Structure formats: C-alpha cells, structure tokens
Amino acid sequence: MNATRPETPMQDGSLPAAHDFARGTDELLRTCLAATADDRVLVLTDPATQDLAQHILEAAAAFTTAEMRLVGDLDADYPAAFAAVERALAEVRPTVTVFAARDAGDRLAWDD
C-alpha cells in the first residue's frame, strides 16, 4: 500500500503520520470490520473525503476484492446521493461496506 499522507486534514487540522495512517486503515479493515480475502469491500465516499477513501480502498485491495464509489454530497443533494448509495450496493453486493463520507445531517444514522 502506498502510505502517503491524505490531503484532507483531520478535524483538528492536523494530518496523521504516514505509518499511523497505514496502521489505521489496516486496523479498520482487518480488526474492526474483520474483512478477509473472501470479502467484497465497497468504499462509499464523497468529494470531501475521497482522499481518505482512496487509502482505505488501497488497503483493502491489497488482500481482497475492493471497489470505491463516489456518491456525491449527502448534505447538498441527499436524494441523489442516497440513490447512488443504493445503486452501488446493488451493483457490488458487498460483504463489507465502508462509509467514508460526510453526513453532517446524520441522515444515514443507524441508531434512530
């Protein structure tokens, strides 16, 4: 994996160190999501977080099938972005999905 620093800063304005970023994407995929070589990973993203999503995609592609789809801005045009999410899920039929996009309105909340 190319462990370069992302272009998008974290909330505090800093950027993670390259080794921390690589370790973090591996931790996300292998530990938190328990992804294996048998999985199909789908990374959903928007323009604001596409750099981060690219790193997650590269980490996943190192050991399994992985695709990334740009879904648009949920806050600017929710219906279009949600339709893009639905299309991506139907086309890829992932066993693991990573949502690496902004959702300031918390419209995709699973805990409602």
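Our subject is the structure listed above.
A short tour of the structure in this document, coming up. (Residues numbered from 1 in each chain as written. Predicted model: local features only at pLDDT ≥ 70, side-chain atom pairs only at ≥ 80, totals over all residues. Heavy atoms only, no water.)

1. Some points on the overall build of the protein
Condition: Helix numbers and strand numbers start at the N terminus; a helix is a DSSP run of H or I with at least 4 residues, a strand a run of E with at least 2. Exposure categories follow from relative accessible area, calculated using a 1.4 Å probe and restricted to protein chains: below 20% of the type maximum is buried, above 50% is exposed, and the middle band is partly exposed. Here, residues are in contact when the closest pair of their heavy atoms is within 4.5 Å. Here the open area of atoms and residues is found with the Shrake-Rupley method and a 1.4 Å probe, where only the protein chains shown may cover a residue.
The number of helices and strands found in the protein is three helices and three strands. The linear arrangement of helices and strands in the protein, starting from the amino end, is α-β-α-β-α-β. Expressed as a percentage of its 112 residues, the buried residues of the protein come to 31%. The long-range fraction of contacts in the protein, counting pairs at least 24 apart against all pairs at least 6 apart in sequence, stands at 70%. For the protein, the accessible surface area stands at approximately 6600 Å², while carbon and sulfur atoms represent 50% of it.

2. Re the packing of aromatic side chains
Two numbers describe a pair of aromatic rings. These are the distance of the centres and the angle of the planes. Stated precisely, the cut-off is as follows: We call Phe, Tyr and Trp rings a pair once their centres come within 6.5 Å, taking the six-membered ring for Trp, and we label the pair stacked below 30 degrees between planes, edge-to-face above 60, and tilted otherwise. Charge-over-ring contacts are defined here by two conditions on Lys NZ or Arg CZ: a distance within 6 Å of the ring centre and an angle within 35 degrees of the ring normal.
Enumeration over the complete set of coordinates arrives at one aromatic pair. For the pair Tyr 78 and Phe 82, a centre-to-centre distance of 5.6 Å together with 25 degrees between the ring planes defines the contact as stacked. Of this pair, Tyr 78 and Phe 82 both sit in helix α3 (residues 78-92), four residues apart, roughly one helical turn. On the basis of relative accessible area, Tyr 78 is assigned to the partly exposed category, the value being 23%. Over the ring of Phe 63 we find Arg 30; its NZ or CZ atom is 3.9 Å from the centre of that ring.

3. Quick word on the environment of Asp 46
Heads up, the condition is: Distance and chemistry together define a polar contact, namely a pair of N or O atoms within 3.5 Å, with one atom able to donate a hydrogen and the other to accept it when in protein, and with adjacent residues in sequence counting only for side-chain atoms on both sides.
Here Asp 46 shows up in the loop between β1 (40-45) and α2 (50-61). Taking the relative accessible area as the measure of exposure, Asp 46 reaches 3% and is therefore buried. Those residues within four positions of Asp 46 in sequence are excluded, and the remaining contacts are Leu 70, Gly 72, Ala 100, Ala 101 and Arg 102. Of note is the side chain of Asp 46, whose polar atom sits 2.6 Å from the side chain of Thr 49. Engagement of the side chain of Asp 46 in a polar contact is seen with the backbone nitrogen of Arg 102, the distance being 2.9 Å.

4. Focus on the sheet that holds strand β2 (residues 65-70)
The cut-off we apply is this: The rule for pairing is simple: two strands pair if DSSP sees at least two bridges between them. Orientation is described by lines fitted to C-alpha atoms, with helices fitted over the stretch in contact, and by angles between N-to-C directions that extend from 0 to 180 degrees.
Pairing is parallel in the open sheet, where three strands are placed in the order β2-β1-β3. At either margin of the open sheet sits one strand with a lone partner, and together these are β2 and β3 (96-100). Averaged over neighbouring strand pairs, the angle between their axes works out to 15 degrees when direction is ignored. Each of β1, β2 and β3 touches α2; the most contacted strand, β2, lies at about 165 degrees to it.

5. Things to note about α2
For the record, the criterion: Given a helix with a known number of residues, its expected span is that number minus one, times 1.5 Å.
The end-to-end C-alpha distance of α2, which contains 12 residues, comes to 16 Å, matching closely the 16 Å that a straight helix rising 1.5 Å per residue would cover. For α2, the set of buried residues is Ala 53, His 55, Ile 56, Leu 57, Ala 59 and Ala 60.

None of this, on its own, says anything about what the molecule does.
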